[in-house]
Amino acid sequence: MSLSDLAVGETVFTATFAVERANLVAYADASGDHNPIHLDEAAAKAAGLPDVIAHGMYTMGLVSRAVLEWIADAGIDATLTEFSCRFAKPVVVPAEGGAEVVVESKVRKADGGSVELAITVTSAGEKVLAPARATLVAK
């Protein structure tokens, strides 16, 4: 498959990621972001949040991972050249059961050598990144 095979409006992938508190601890260690709202339930609630929340950049990382895994699995020879989003709502990660992040991507623009994806990212039925866009360019 190549980028030129994709049509505007086409859903190209849906990916689902489980997010557990252990993921947030690992991300905090790797990134150096040890803000307690991401790690400590009492601190998160004291800040007015319903529970511990995932780091926004962790959520963005899941989205870029979904895009890159899709192009690899589809055999598309392309590079992710742009990625942008706005944080709309936090991903709440309860101690019991964790959270689920669902990433769905549709083709927003296509011109043969490049494609812009419109990406919907939800958790617990709420959009958590809006809008999210990624641009792929053929190698």
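Scroll up to find the structure this text is about.
Procedures and definitions
- Residues numbered from 1 in each chain as written.
- Predicted model: local features only at pLDDT ≥ 70, side-chain atom pairs only at ≥ 80, totals over all residues.
- Heavy atoms only, no water.
- Phe/Tyr/Trp six-rings, centres within 6.5 Å; stacked < 30°, edge-to-face > 60°.
- Helix = DSSP H or I, 4+ residues; strand = E, 2+ residues; numbered from the N terminus.
- Core = buried A, V, L, I, M, F, W, Y, C linked by side-chain atoms within 4.5 Å.
- Buried < 20%, exposed > 50% of the residue type's maximum accessible area, 1.4 Å probe, protein only.
- Contact = heavy atoms within 4.5 Å.
- Pairing = 2+ DSSP bridges.
- Axes fitted to C-alpha atoms, helices over the stretch in contact; angles between N-to-C directions.
- Expected span 1.5 Å × (residues − 1).

(A) Up close: the packing of aromatic side chains. The tally for this structure, following the rule as stated, stands at two aromatic pairs. Ring centres of Tyr-27 and Tyr-58 lie 5.6 Å apart, and the angle between their planes is 75°; on these two criteria the pair is classed as edge-to-face. Placement of Tyr-27 in helix 1 (residues 21–31) and of Tyr-58 in helix 3 (residues 56–74) is noted, with a sequence separation of 31 residues between them.

(B) Inspection of the nonpolar core at higher detail. Counting residues in hydrophobic clusters, the biggest one holds 35 residues, and the most contacted among them are Trp-70, Val-103, Leu-117 and Ile-119. Of all the elements in the fold, those that place two or more residues in this core are strand 1 (11–19), helix 3, strand 3 (99–110), strand 4 (114–123) and strand 5 (126–138). The residues contacting Val-103, other than those within four sequence positions of it, are Phe-13, Thr-14, Ala-15, Phe-17, Val-63, Ala-66, Ile-119, Thr-120 and Val-121.

(C) Representation of the sheet that holds strand 5 within the structure. The antiparallel open sheet is built from five strands, whose spatial order is 1-3-4-5-2. Pairing within the sheet leaves two strands with one partner each, and these edge strands are strand 1 and strand 2 (78–87). Across the sheet, the mean angle separating the axes of adjacent strands is 20° when strand polarity is ignored. Sheet topology note: the strand 4/strand 5 ladder contains nine bridges and is antiparallel. Of the residues in strand 5, the one forming a bridge with Ile-119 is Ala-132. Of the strands in this sheet, strand 1, strand 2, strand 3, strand 4 and strand 5 touch helix 3, which is tilted by about 150° from strand 2.

(D) Seen up close, helix 3. In this model, helix 3 (19 residues) spans 27 Å end to end at C-alpha, consistent with the 27 Å of a helix rising 1.5 Å per residue. Considering only its buried residues, helix 3 is in contact with strand 1, helix 1, strand 2, strand 3, strand 4 and strand 5. After helix 3 finishes, the residue Gly-75 shows a positive phi value of roughly 70°.

(E) Expanded view of the environment of Glu-69. Considering the arrangement of structural elements, one finds Glu-69 in helix 3. When its relative accessible area of 37% is taken as the criterion, Glu-69 is described as partly exposed. In sequence terms Glu-69 and Phe-13 are 56 residues apart; their C-alpha atoms lie 10.0 Å from each other.

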